[in-house]
Amino acid sequence: LDDSAIRRIILPEGFLAVDVVLNLLMNIADGMVVWPKVVEKHVREELPFMATEVILMECVKAGGDRQELHEAIRLHSMDAGKVVKGEGKSNDLLERIAKDPLFVAVHDKLDTLVDPKLFIGRAREQTEEFLEEEIDPILEMEKGLLGKEVVDGVNV
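Fair warning: this is a prediction, and the values are worked out from it, not measured in the lab.

Draft legend 1. Summary view of the overall build of the protein. Along the protein, the regular secondary structure elements total seven helices and zero strands. Secondary structure elements of the protein occur, N-terminal to C-terminal, as α-α-α-α-α-α-α. For the protein, the spread of C-alpha atoms along the three principal axes comes to 70 × 40 × 35 Å. Contacts in the protein between residues at least 24 apart in sequence constitute 60% of all its contacts with a sequence separation of at least 6. Here the protein has roughly 12,300 Å² of accessible surface; of this, 61% comes from carbon and sulfur atoms. Looking at the protein, you have 19 positive and 32 negative side-chain charges, and the mean spots of the two groups are 5 Å apart.

This is how it looks when you write it as structure tokens:
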């Protein structure tokens, strides 16, 4: 005896579930608009928190005490986070660091240490490679299906 009876039920149900999930995804994503300036604003708001390690390491390279700097940047980050989340104000972490004498080694180059391009690694190249190697061939192969109206659907 094998599990063929249960497989006849579970496998089709799995495919039906995936079909519904993909239909929901298409419904949700249809007409989605990405506003680059809004994305940039949100990145700039979070970037100071992401850059703390870079700032810390630059200060250590300049001779600062890692433990002391780490504690100071942790406190500044916590205080800045309270201002952002508790009071709804702008992220002032960089201003706090710029005023703290412990971080004098980076005061003149804070702007360059928080360049968003420093935090994306190979994301751009990996995305381009993935699109070229994986997505473009599928789109080319299935181009006859593109633009066809879907008659079934789940609306949310």
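Draft legend 2. Representation of the pattern of salt bridges in the model. For the coordinates displayed, the defined rule picks out eleven salt bridges. Residue Glu-87 is joined to Lys-89 by a salt bridge in which the shortest nitrogen-to-oxygen separation is 3.2 Å. One salt bridge connects Asp-92 with Arg-96, and the closest N-O pair in it is separated by 2.9 Å. You can call Arg-96 partly exposed: its relative accessible area is 22%. Where salt bridges share partners, they join Glu-58, Lys-61 and Lys-109 into one cluster.

Draft legend 3. Region of the structure containing a nonpolar patch on the surface. Judged by side-chain polarity, Ile-6, Ile-9 and Ile-10 come together as a nonpolar surface patch covering roughly 270 Å² of accessible area. By the secondary structure assignment, Ile-10 is in helix 1 (residues 4-29).

Criteria and cut-off values
- Residues numbered from 1 in each chain as written.
- Predicted model: local features only at pLDDT ≥ 70, side-chain atom pairs only at ≥ 80, totals over all residues.
- Heavy atoms only, no water.
- Helix = DSSP H or I, 4+ residues; strand = E, 2+ residues; numbered from the N terminus.
- Contact = heavy atoms within 4.5 Å.
- Areas by Shrake-Rupley, 256 points an atom, 1.4 Å probe, with all protein chains shown as cover.
- Lys, Arg positive; Asp, Glu negative; His and termini not counted.
- Charge placed at Lys NZ, Arg CZ, Asp CG, Glu CD.
- Salt bridge = Lys/Arg side-chain N within 4 Å of Asp/Glu carboxyl O.
- Buried < 20%, exposed > 50% of the residue type's maximum accessible area, 1.4 Å probe, protein only.
- Patch = residues over 30% accessible without salt bridge, like charges linked within 9 Å, V, L, I, M, F, W, Y side chains within 5 Å.

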